[in-house]
Amino acid sequence: SAPSCCPTEKSTRTGAVVWDAAVALSALLVAHGSGSWVSMLELGAGCHGLCGVAASLAGACRATVLTDRPPLLEQLRANVTRNLGSNEPDRLPRWDVKPLP
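Just so it is clear, the model here is predicted, and its values are computed rather than measured.

### So, the overall build of the protein
Alright, step 1. Summing up its helical and strand segments, the protein has three helices and three strands in all.
Alright, step 2. Seen in sequence order, the protein has helices and strands lined up from the N terminus as α-β-α-β-α-β.
Alright, step 3. Within the span of the protein, comprising 101 residues, buried residues form 37% of the whole.
Alright, step 4. By sequence separation, contacts in the protein at least 24 residues apart represent 57% of the contacts at least 6 residues apart.
Alright, step 5. A total of about 6000 Å² of accessible surface is found on the protein, and carbon and sulfur atoms cover 58% of it.

Below you can see the structure in the form of structure tokens.
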């Protein structure tokens, strides 16, 4: 389950929610995701991008694109950078943050 400091779907309904499904999928990706995909697209990553970050850290994919609404992108980009490091072209895992159309 999510840490007590993280809002979840049971405690709030905002773009900053860590959904219970994201926690479960992230655990699955970490447990079984080694080298499964070349790339991953996370639609509606919120400000955390938990699934995309977990998949990248577990080695489940070499490239991840995380998306959400423009007001959340700055925090999302900061969190992904904090967890995955800089987004250099020759560095793996590669990642990018983009607005939802």
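### With respect to helix α2 (residues 50–57)
Alright, step 1. Burial analysis of α2 places six of its eight residues in the buried class, the great majority of the element.
Alright, step 2. Buried within α2 are the following residues: Cys51, Gly52, Val53, Ala54, Ala55 and Ser56.

### Description of the pattern of salt bridges
Alright, step 1. One pass over the full model with this rule turns up two salt bridges.
Alright, step 2. Here Arg69 and Asp68 are joined by a salt bridge, their closest N and O atoms 3.7 Å apart.
Alright, step 3. The class for Asp68 is buried, based on a relative accessible area of 6%.
Alright, step 4. Of the charged contacts, one joins Lys98 and Asp96 as a salt bridge, the two residues approaching to 3.2 Å between their closest N and O atoms.
Alright, step 5. Looking at Asp96, the relative accessible area reads 27%, which means it is partly exposed.

### Things to note about the sheet that holds strand β3 (residues 94–99)
Sheet strands pair by backbone hydrogen bonding; their relative direction is either parallel or antiparallel.
Alright, step 1. Pairing in this open sheet of three strands is parallel, and the strands run β1-β2-β3 from one edge to the other. At either margin of the open sheet sits one strand with a lone partner, and together these are β1 (39–42) and β3. Strand-to-strand twist in this sheet, taken as the mean axis angle between neighbours without regard to direction, amounts to 15°.
Alright, step 2. Direction of pairing for strand β2 (residues 63–68) relative to β3: parallel, over a ladder of six bridges. In the strand pairing of β3, Thr67 is matched with Lys98.
Alright, step 3. Against the sheet, α2 touches β1 and β2, its axis set at about 165° to β1.
Alright, step 4. The strands touched by helix α3 (residues 70–84) within the sheet are β2 and β3, with β3 carrying the most contacts at an inclination of about 170°.

About the thresholds
- Residues numbered from 1 in each chain as written.
- Predicted model: local features only at pLDDT ≥ 70, side-chain atom pairs only at ≥ 80, totals over all residues.
- Heavy atoms only, no water.
- Helix = DSSP H or I, 4+ residues; strand = E, 2+ residues; numbered from the N terminus.
- Buried < 20%, exposed > 50% of the residue type's maximum accessible area, 1.4 Å probe, protein only.
- Contact = heavy atoms within 4.5 Å.
- Areas by Shrake-Rupley, 256 points an atom, 1.4 Å probe, with all protein chains shown as cover.
- Salt bridge = Lys/Arg side-chain N within 4 Å of Asp/Glu carboxyl O.
- Pairing = 2+ DSSP bridges.
- Axes fitted to C-alpha atoms, helices over the stretch in contact; angles between N-to-C directions.

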